[in-house]
Amino acid sequence: MLFRRPPIPRTETRAPSAPREATSLTLRVDGREVVVTLRRDARARRYTLRVRAASRDVVLTMPARGSLKEATAFAERHTGWIAVRLAQLPVIVAFAPGAVVPLRGVPHRIAHRPGARGTVWAETDAEGQALLCVAGEAAHVARRVADFLKREARRDLTEASRRHALALGVTISRITLRDTASRWGSCSSTGGLSYSWRLILAPPEVLDYLAAHEVAHRREMNHGPRFWATVDRLFPRRHEAEAWLKRRGAELHRFGAEAE
């Protein structure tokens, strides 16, 4: 009879996994806690701080060999600078009755009409002031205003994108609306376009420029000379629109934002 030896149990000794790198730190600024996002950049040669108006947050960029200890010390030395920049951020405007929000660049006052039929519509009062009228219960005003603005944005951006695509002789596919803080629009290699719905708050020529910009990427998936020549052919006043976005674009993110 053949007897087999039982298998010798094996044990594995695994090296302990490296601790996960911290992605943020918390500071005490003017009596309140402020979260600082940490961003490591291989090209950075020093620590830098930035307060972003669109996302209303603080970002600390670290060199490739930077440490959390050094980053924390750097941020703590600049709490006064952070406090000043945060205080300079535009005041948040909630979608509430009485608030004034822009629609296609024109200030509109939100007027609650609880007994009216419908959802949201624009009208002008007896004094010539533009209104955004909202029917229904007060608890639904903010959501209804946001939904209305997104519907208007989709309509305007779809019309502008199709018009520029026809002029350029290219095709586009799905149009998506987002609420991005870092970019106003994007174009995929398959022709999908994505825009910030907040463009409906800007003057119409700004929205039209962004549509021309993204559609031009259907010809040139870069930002080279031929791309800009294509944009200029579709929208000759691009420098004016770019100047408006640089000067006023960050303000659009304060409308409908939640207070801290």
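Data block above holds the structure.
Definitions and limits used
- Residues numbered from 1 in each chain as written.
- Predicted model: local features only at pLDDT ≥ 70, side-chain atom pairs only at ≥ 80, totals over all residues.
- Heavy atoms only, no water.
- Salt bridge = Lys/Arg side-chain N within 4 Å of Asp/Glu carboxyl O.
- Buried < 20%, exposed > 50% of the residue type's maximum accessible area, 1.4 Å probe, protein only.
- Phe/Tyr/Trp six-rings, centres within 6.5 Å; stacked < 30°, edge-to-face > 60°.
- Helix = DSSP H or I, 4+ residues; strand = E, 2+ residues; numbered from the N terminus.
- Polar contact = N/O pair within 3.5 Å; in protein donor to acceptor, adjacent residues only side chain to side chain.
- Contact = heavy atoms within 4.5 Å.
- Core = buried A, V, L, I, M, F, W, Y, C linked by side-chain atoms within 4.5 Å.
- Pairing = 2+ DSSP bridges.

1. Description of the pattern of salt bridges
Next up, step 1: For the coordinates displayed, the defined rule picks out 16 salt bridges.
Next up, step 2: The salt bridge involving arginine 39 is made with aspartate 41; its shortest N-O contact spans 3.8 Å.
Next up, step 3: The class for aspartate 41 is buried, based on a relative accessible area of 14%.
Next up, step 4: What you see here is one network of salt bridges that share partners, running through Arg104, Glu152, Arg155 and Asp156.

2. Observations concerning the packing of aromatic side chains
Next up, step 1: Per the stated rule, a full pass over the model turns up 3 aromatic pairs.
Next up, step 2: Plain terms: the ring middles of phenylalanine 227 and tryptophan 228 are 4.9 Å apart, the flat faces sit at 75° to each other, and that makes the pair edge-to-face.
Next up, step 3: Residue classification places phenylalanine 227 among the buried residues on the basis of a relative accessible area of 0%.

3. Brief notes about the side chain of threonine 61
Next up, step 1: Relative to the helices and strands, threonine 61 is located in strand 4 (residues 57-62).
Next up, step 2: For threonine 61, a relative accessible area of 11% gives the class buried.
Next up, step 3: Polar side-chain contacts of threonine 61 include one of 3.4 Å to the side chain of arginine 39.
Next up, step 4: Excluding anything up to four places from it in sequence, threonine 61 contacts Arg39, Asp41, Ala44, Arg46, Tyr47 and Thr48.

4. Things to note about the nonpolar core
Next up, step 1: In terms of nonpolar packing, the biggest core is built from 48 residues, with Phe95, Ile110, Val145, Leu149, Tyr195 and Ile200 touching the most fellow members.
Next up, step 2: Those elements giving two or more residues to this core turn out to be strand 5 (100-103), strand 8 (130-135), helix 3 (141-168), strand 9 (175-178), strand 11 (193-196), helix 4 (204-216), helix 5 (225-234) and helix 6 (238-248).
Next up, step 3: Sequence-distant contacts of isoleucine 110, defined by excluding residues within four places in its chain, comprise Phe95, Ala96, Pro97, Gly98, Ala99, Val101, Leu132, Val134, Val141 and Val145.
Next up, step 4: In this structure, Val36, Met62, Phe74 and Ala75 belong to the second largest nonpolar core, which totals 19 residues.

5. Focus on the pairing of strand 8
Next up, step 1: Most of strand 8 is tucked away, with 6 of its 6 residues classed as buried.
Next up, step 2: Side chains Ala130, Leu132 and Val134 of strand 8 all project onto a buried face; the interleaved residues Leu131, Cys133 and Ala135 project onto the opposite face, where all are buried too.
Next up, step 3: Two elements, strand 6 (residues 106-113) and strand 8, share 5 bridges in a ladder whose sense is parallel. Of the residues in strand 8, the one forming a bridge with arginine 113 is alanine 135.

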